[in-house]
Amino acid sequence: MESISHKSIDVNGISMHVAEKGPADGPAILFIHGFPELWYSWRHQILSLSRRGYRCIAPDLRGYGDTSAPPSVSSYTIFHLVGDLIALLDNLLLPQVFVVGHDWGAIIAWNLCTFRPDRVKALVNLSVAFMPRNPAVKTVDHFRSLYGDNYYICRFQEFGVADEEFASMDLKFLFTKLMAMRTPRGGPISFSSASLESSKEPLLLPSWLSEEDIEYFASKFQNSGFTGGINYYRCMDKNWELTAPWTGAQINVPTKYIVGDVDLTYHYPGIQDFIHKGGLKSHVPLLQEPVVVKGAGHFIQQERAQEISDHIYDYIKIF
């Protein structure tokens, strides 16, 4: 880990912390993390793929870790998030890169490929499948109709509430709980402090996480708080409005999609049929056959580190 270099780069009006490893002249991979994560979520892939000759670049996104966190909710739209990454590539003089995304990072990556496919050689997305814009219903209303007001995406809309709940919790407990989570039982996830702390099951650190890993995540969020990341959710309906011109647009980038079979996102109503019966392929025509990893949960690039690194390498090496 000590061999990974770190620097701050001014992009799109903010200072972005970037972790990097690998030969400067090697083919570049841009890794985009999710919520509530950091560049650190890609530590295994950075080490594995840099050894194979790739230049691995993993920023803390806007609002996370050691990157700037603008105070206004309106500073977290999808245009800001994609714009940050385009500015980063411009700063690094990289006209085109491989892109790997997970969770919110996958959402950003889908949009990056929609807006600027010229900057992406190929895409590997984990966990969150492409969700075509439905012109008939706003995004938050869609989730509310499925799961009710207590669903975490709906709860996150009220400024300050979830932010303060997360901040008041034991963050080592919080990250252990979140990362060990599997397909929920008994209803939708609220991510409230009450629901997270109510489980009677003993809290055990998964074998794929160390105390040092949990300490790193907890220490960074202790400093930054959670508001920046939660603001991504607060911009969902604004993103729905802003992306109206791309309604029905296809993603014409070579793509591999990977998901764990006990990932929360693999159990949305109708999502498995969408992924496996042609729906996803109709929107992403250059999609390879989706990969479902048995027994893997949401934080798949950490839980199945070498397997995911190998999947990424086996796909991008053909380009």
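Residues numbered from 1 in each chain as written. Predicted model: local features only at pLDDT ≥ 70, side-chain atom pairs only at ≥ 80, totals over all residues. Heavy atoms only, no water.

Per an unreviewed UniProt entry, the recorded name for the chain is soluble epoxide hydrolase, and the organism is Rhynchospora tenuis. Quoted straight from UniProt, the Pathway (unreviewed entry) entry for the chain says "Secondary metabolite biosynthesis; terpenoid biosynthesis." Per UniProt, the chain carries the Sequence similarities (unreviewed entry) text "Belongs to the AB hydrolase superfamily. Epoxide hydrolase family." (UniProt positions renumbered as here; feature names shortened; annotations may be inferred.)

Participant: How should the overall build of the chain be read in this particular structure?
Facilitator: Assigned secondary structure in the chain consists of 15 helices and 8 strands. In terms of overall dimensions, the chain is globule-like: its C-alpha atoms have a radius of gyration of 18 Å, near the 20 Å expected for 319 residues. Its C-alpha atoms give the chain principal-axis dimensions of roughly 50 × 45 × 40 Å. Restricting the contact set of the chain to residue pairs at least 6 apart, pairs at least 24 apart contribute 77%. Taken as a whole, the chain presents about 13000 Å² of accessible surface, with 52% of it coming from carbon and sulfur. Across the chain, the mean location of the 28 positive side-chain charges is 5 Å away from that of the 34 negative side-chain charges. (Helix = DSSP H or I, 4+ residues; strand = E, 2+ residues; numbered from the N terminus. Rg over C-alpha atoms; globule rule 2.2 N^0.38 Å. Contact = heavy atoms within 4.5 Å. Areas by Shrake-Rupley, 256 points an atom, 1.4 Å probe, with all protein chains shown as cover. Lys, Arg positive; Asp, Glu negative; His and termini not counted. Charge placed at Lys NZ, Arg CZ, Asp CG, Glu CD.)

Participant: What should I look at first to understand the pairing of strand β1 (residues 5-11) in this one?
Facilitator: On a regular strand, one side chain projects to one face of the sheet and the next to the other, so that they alternate. Note: β1 against strand β2 (residues 14-21), 7 bridges, orientation antiparallel. Note on β2: the bridge partner recorded for Ser-5 is Glu-20. Counting the residues between successive antiparallel strands, the hairpin from β1 to β2 contains 2 residues, one of them, Asn-12, with a positive phi of roughly 50 degrees. (Pairing = 2+ DSSP bridges.)

Participant: Hey, could you run me through the nonpolar core in this one?
Facilitator: By size, the foremost hydrophobic cluster in this structure holds 109 residues, and its most contacted members are Ile-108 and Phe-166. Ranked by residue count, the leading element in this core is helix α3 (residues 104-115), at 9 residues. Residues in contact with Ile-108, not counting those within four places in the same chain, are Ile-32, Leu-61, Ile-78, Leu-81, Val-82, Leu-85 and Tyr-232. (Core = buried A, V, L, I, M, F, W, Y, C linked by side-chain atoms within 4.5 Å. Buried < 20%, exposed > 50% of the residue type's maximum accessible area, 1.4 Å probe, protein only.)

Participant: What is the right way to read unusual backbone geometry from this model?
Facilitator: Excluding glycine, most residues fall at negative phi; most peptide bonds, likewise, are trans. Look at the link from Phe-35 to Pro-36: it is a cis peptide, with omega at -15 degrees. Mapped onto the fold, Pro-36 is located in the loop between β3 (28-32) and α1 (43-51). A positive phi angle, close to 60 degrees, is found at Leu-93, a residue other than glycine. Backbone geometry places Ser-127, a non-glycine residue, at a positive phi of 80 degrees. Following the sequence through the fold, Ser-127 ends up in the loop between β6 (120-126) and α4 (139-147). In this structure Ser-127 comes out as buried when scored by relative accessible area, which is 1%.

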